[in-house]
Amino acid sequence: MVGVKMAAAAAASIRERQTVALKRMLNFNVPHVKNSTGEPVWKVLIYDRFGQDIISPLLSVKELRDMGITLHLLLHSDRDPIPDVPAVYFVMPTEENIDRLCQDLRNQLYESYYLNFISAISRSKLEDIANAALAASAVTQVAKVFDQYLNFITLEDDMFVLCNQNKELVSYRAINRTDITDTEMETVMDTIVDSLFCFFVTLGAVPIIRCSRGTAAEMVAVKLDKKLRENLRDARNSLFTGDTLGAGQFSFQRPLLVLVDRNIDLATPLHHTWTYQALVHDVLDFHLNRVNLEESSGAETSPAGARPKRKNKKSYDLTPVDKFWQKHKGSPFPEVAESVQQELESYRAQEDEVKRLKSIMGLEGEDEGAISMLSDNTAKLTSAVSSLPELLEKKRLIDLHTNVATAVLEHIKARKLDVYFEYEEKIMSKTTLDKSLLDIISDPDAGTPEDKMRLFLIYYISAQQAPSEADLEQYKKALTDAGCNLNPLQYIKQWKAFAKMASAPASYGNTTTKPMGLLSRVMNTGSQFVMEGVKNLVLKQQNLPVTRILDNLMEMKSNPETDDYRYFDPKMLRGNDSSVPRNKNPFQEAIVFVVGGGNYIEYQNLVDYIKGKQGKHILYGCSELFNATQFIKQLSQLGQKQ
């Protein structure tokens with residue numbers, strides 16, 4: 001049992017760990033005690049865009065207020081002096097941030113300064129701050145300087161991404177540009193490694209690293225191994241010793257880090273999807289757990305010549321507190337629509353009950369029957385009233401998901417996304433196709449030019465045999481007629497020729513979706529969601545390439561796909577470059593990190609995979625999180641250069 005208990009302890013999710021670290025920082029780097037009754041110390045929080053992106057998915061404004069943060073401001077905004085208040089800074093140690101910080105010291109903006117750097121600050125920059133503090137005679141006011149090692153963004157209990165600002169620096173395009181210089185590549189790799197190092201410091205564990213050879217992932221592995229090794233060797237300042245690790249976490253087994261390169265699978269990021277979270281990311285504006293919707297104000301047509309109505313923008317946070325989201329983000333879309341409908345009905349029933357009790361309470365007192373009913377109902381009403389806040393919150397979530405799901409549904413219907421999803425699944429699993437690819441590309445009603453391009457690229461990437469030149473010309477003509485930009489194809493053609501020399505195409509399992517006939521149950525007339533014509537596709541679990549690679553390495557299975565993966569153990573004194581793992585036991589904890597960008601489809605696939613594995617945990621990370629539109633744009637930029 002001890003093993004199981006410890007595995008549970010080790011599973012203090014990365015989200016929790018990063019949140020605890022942030023709360024400690026906001027509490028002047030003293031551990032935050034929950035139930036202390038005293039008022040918090042009021043303070044201001046100054047962050048840069050990087051800091052904002054790290055904090056916003058984890059702490060709400062209310063939570064910040066509970067921690068004593070009265071104001072939170074961007075470092076590079078015009079800020080008025082507030083001389084009697086301490087300021088907590090949370091910024092990257094960049095040249096311009098340090099300059100601005102020194103300027104704040106000179107202008108004596110705050111009572112005291114707690115400086116927290118997202119990533120480790122260099123000695124020379126620290127000296128710049130010291131000199132500025134001396135010159136401004138503010139030395140005593142700089143209370144603390146900390147390296148926080150929090151340079152990554154946690155989006156889920158088991159998912160993180162490196163950055164949101166400047167993500168083009170570490171994008172797929174940046175890594176795969178043909179004209180990239182060695183020094184530029186070094187910078188990209190160092191940026192990725194710095195964030196991964198922060199991630200493991202926060203996790204409190206030194207991983208065993210596996211990676212494919214001859215890829216960007218290998219460059220990351222070599223650098224990360226070196227960085228971890230150097231830190232472990234410097235015993236006095238090591239970030240992985242004693243008390244930082246939390247009692248006994250991971251002590252019985254270390255996690256596995258699998259570094260994979262985006263190039264092992266370019267089809268999945270282009271794939272149309274069918275689960276809720278991945279669909280929201282694909283068709284709506286969704287980033288850092290916030291979705292922005294344009295609300296059309298009613299269907300009334302404005303008179304000719306009148307100015308078109310401005311669309312309201314609404315944004316919703318999809319957070320772990322949202323029970324519906326947690327439960328259904330991985331569900332197939334028709335199931336989500338049905339669940340929203342059920343929630344709505346149960347809410348209405350509760351609301352009606354409250355109304356019924358109110359009307360009974362309004363009865364005249366003379367009536368004998370009414371009085372006996374009264375005593376009964378007082379108890380009921382009391383409980384109904386006490387559940388009102390809960391009821392309101394339920395209503396808010398139902399409204400939120402009704403709006404989000406309706407917006408997604410509009411896209412599915414307008415673009416026939418169910419058809420695309422089903423067809424691509426068939427292509428990827430090498431099943432026989434029921435209608436020709438040209439038909440879909442040429443059908444003016446099916447999808448946007450981008451949808452057609454995604455479909456064709458998936459076909460091209462997954463094909464064992466590339467289409468003949470004549471066929472390709474025919475496809476190209478159809479794509480051009482449909483309004484597609486052919487640049488992405490240029491790049492994929494070259495990539496495929498190159499990848500062919502390296503290895504066989506990735507396989508995507510061989511089971512596929514089963515259409516369950518049209519959505520019978522949701523079709524009842526009372527439903528908010530008119531799903532006519534949308535196929536109710538049921539997903540069959542099949543492992544995508546990334547999941548398959550993880551499975552081989554985590555379970556220590558021998559497989560030609562992963563047998564020559566390199567093996568690094570930063571704790572070994574001599575770095576032996578072998579692909580022979582010393583540890584023959586399967587791993588309990590693993591982190592999969594995709595160099596070159598990830599997506600919610602892969603994340604969901606890993607989540608589904610691990611559900612069947614008792615007591616095991618997986619984290620999914622990527623250098624950036626993109627949807628198909630953003631990925632196509634990068635492929636297009638790469639294709640233009642050719």
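An account of the accompanying structure is given in this report. (Residues numbered from 1 in each chain as written. Predicted model: local features only at pLDDT ≥ 70, side-chain atom pairs only at ≥ 80, totals over all residues. Heavy atoms only, no water.)

Side note on the side chain of Thr562
Right, so step 1: As for its placement among the helices and strands, Thr562 is situated in the loop between helix H20 (545-554) and strand S15 (566-568).
Right, so step 2: Judged by its relative accessible area of 1%, Thr562 falls in the buried class.
Right, so step 3: When near neighbours in sequence (up to four residues on either side) are disregarded, Thr562 contacts Arg210, Ile549, Asn552 and Leu553. (Helix = DSSP H or I, 4+ residues; strand = E, 2+ residues; numbered from the N terminus. Buried < 20%, exposed > 50% of the residue type's maximum accessible area, 1.4 Å probe, protein only. Contact = heavy atoms within 4.5 Å.)

Section: the packing of aromatic side chains
Right, so step 1: With the rule as written, the count across this model stands at 24 aromatic pairs.
Right, so step 2: Ring plane angle 70° and centroid distance 6.4 Å describe the contact between Tyr89 and Tyr110, whose orientation is recorded as edge-to-face. With a gap of 21 residues between them, Tyr89 in strand S3 (residues 82-91) and Tyr110 in strand S4 (residues 110-117) connect regions that are remote in the sequence. Side by side, Tyr89 and Tyr110 carry an identical accessibility label, which is buried.
Right, so step 3: Taking 6.1 Å as the distance between ring centres and 85° as the angle between the ring planes, the aromatic pair formed by Tyr172 and Tyr491 counts as edge-to-face. With Tyr172 in helix H7 (residues 172-176) and Tyr491 in helix H19 (residues 487-502), this residue pair connects regions lying 319 residues apart in the sequence.
Right, so step 4: Taking relative accessible area as the criterion, Tyr172 reaches 0% and is therefore assigned buried.
Right, so step 5: Among the aromatic residues, those joined into a ring-pair cluster are Tyr276, Phe286, Trp325, Phe333, Tyr600, Tyr603 and Tyr620.
Right, so step 6: For the cation-ring pair, Lys43 lies above Phe28, with the distance from its terminal atom to the ring centre recorded as 5.0 Å.
Right, so step 7: In this structure, Lys227 is placed above the aromatic ring of Phe197, and the distance from its NZ or CZ to the ring centre is 5.2 Å. (Phe/Tyr/Trp six-rings, centres within 6.5 Å; stacked < 30°, edge-to-face > 60°. Lys NZ or Arg CZ within 6 Å of the ring centre and 35° of its normal.)

Examining unusual backbone geometry
Right, so step 1: One non-glycine residue, Gln108, lies in positive phi territory at about 50°.
Right, so step 2: You can see Gln108 is positioned in the loop between helix H5 (95-106) and S4.
Right, so step 3: On the basis of relative accessible area, Gln108 is assigned to the partly exposed category, the value being 43%.
Right, so step 4: The phi dihedral of Asn289 falls on the positive side, at around 65°, and the residue is not glycine.
Right, so step 5: With respect to the helices, strands and loops of the structure, Asn289 is situated in the loop between strand S10 (285-287) and strand S11 (290-295).

Regarding a negative patch on the surface
Right, so step 1: A surface patch of like charges, here negative, comprises Glu95, Glu96, Asp99 and Asp128.
Right, so step 2: With three residues, the single largest contributor to the negative patch is H5. (Patch = residues over 30% accessible without salt bridge, like charges linked within 9 Å, V, L, I, M, F, W, Y side chains within 5 Å. Areas by Shrake-Rupley, 256 points an atom, 1.4 Å probe, with all protein chains shown as cover. Salt bridge = Lys/Arg side-chain N within 4 Å of Asp/Glu carboxyl O. Lys, Arg positive; Asp, Glu negative; His and termini not counted. Charge placed at Lys NZ, Arg CZ, Asp CG, Glu CD.)

A few points about the sheet that holds S10
Right, so step 1: Strand order in the open sheet made by the three strands is S10-S11-S12, with antiparallel pairing throughout. With one partner strand each, in any of the chains shown, S10 and strand S12 (312-317) form the two edges of the open sheet. Strand-to-strand twist across the sheet, computed as the mean angle between neighbouring axes with direction ignored, equals 20°.
Right, so step 2: Here three bridges tie S10 to S11, and the two strands are oriented antiparallel to one another. From the neighbouring strand, Phe286 faces S11, where its bridge partner is Val291.
Right, so step 3: Here helix H14 (residues 388-415) sits on the sheet and contacts S11 and S12; the angle it forms with S11, its principal contact strand, is near 75°. (Pairing = 2+ DSSP bridges. Axes fitted to C-alpha atoms, helices over the stretch in contact; angles between N-to-C directions.)

Considering the environment of Leu638
Right, so step 1: Among the secondary structure elements, Leu638 is positioned in helix H22 (residues 628-640).
Right, so step 2: Once the C-alpha coordinates of Leu638 and Ile492 are considered, the two residues, 146 residues apart in sequence, prove to be 9.2 Å apart.
Right, so step 3: In this structure, Leu638 is in contact with Tyr172, Arg173, Asn176, Arg177 and Tyr491, ignoring residues within four places of it in sequence.

Digging into the sheet that holds strand S2 (residues 69-74)
Right, so step 1: As summarised here, the arrangement of the five strands in space is S2-S1-S3-S4-S5, forming an open sheet in which the pairing is parallel. Edge strands, defined here as strands with exactly one partner in the open sheet, are S2 and strand S5 (142-147). Strand-to-strand twist across the sheet, computed as the mean angle between neighbouring axes with direction ignored, equals 20°.
Right, so step 2: Two elements, S4 and S5, share five bridges in a ladder whose sense is parallel. When the sheet's bridge partners are listed, Leu115 is paired in S5 with Val145.

As for the side chain of Lys426
Right, so step 1: As for its placement among the helices and strands, Lys426 is situated in helix H15 (residues 417-428).
Right, so step 2: Beyond its immediate stretch of four places on either side in the chain, Lys426 contacts Thr431, Thr432, Leu433 and Asp434.

Let's talk about the environment of Ala205
Right, so step 1: With respect to the secondary-structure elements, Ala205 resides in the loop between helix H8 (182-203) and strand S8 (208-211).
Right, so step 2: Here Ala205 falls in the buried class, since its relative accessible area comes to 5%.
Right, so step 3: Separated by 35 residues in sequence, Ala205 and Phe240 place their C-alpha atoms 6.9 Å apart.

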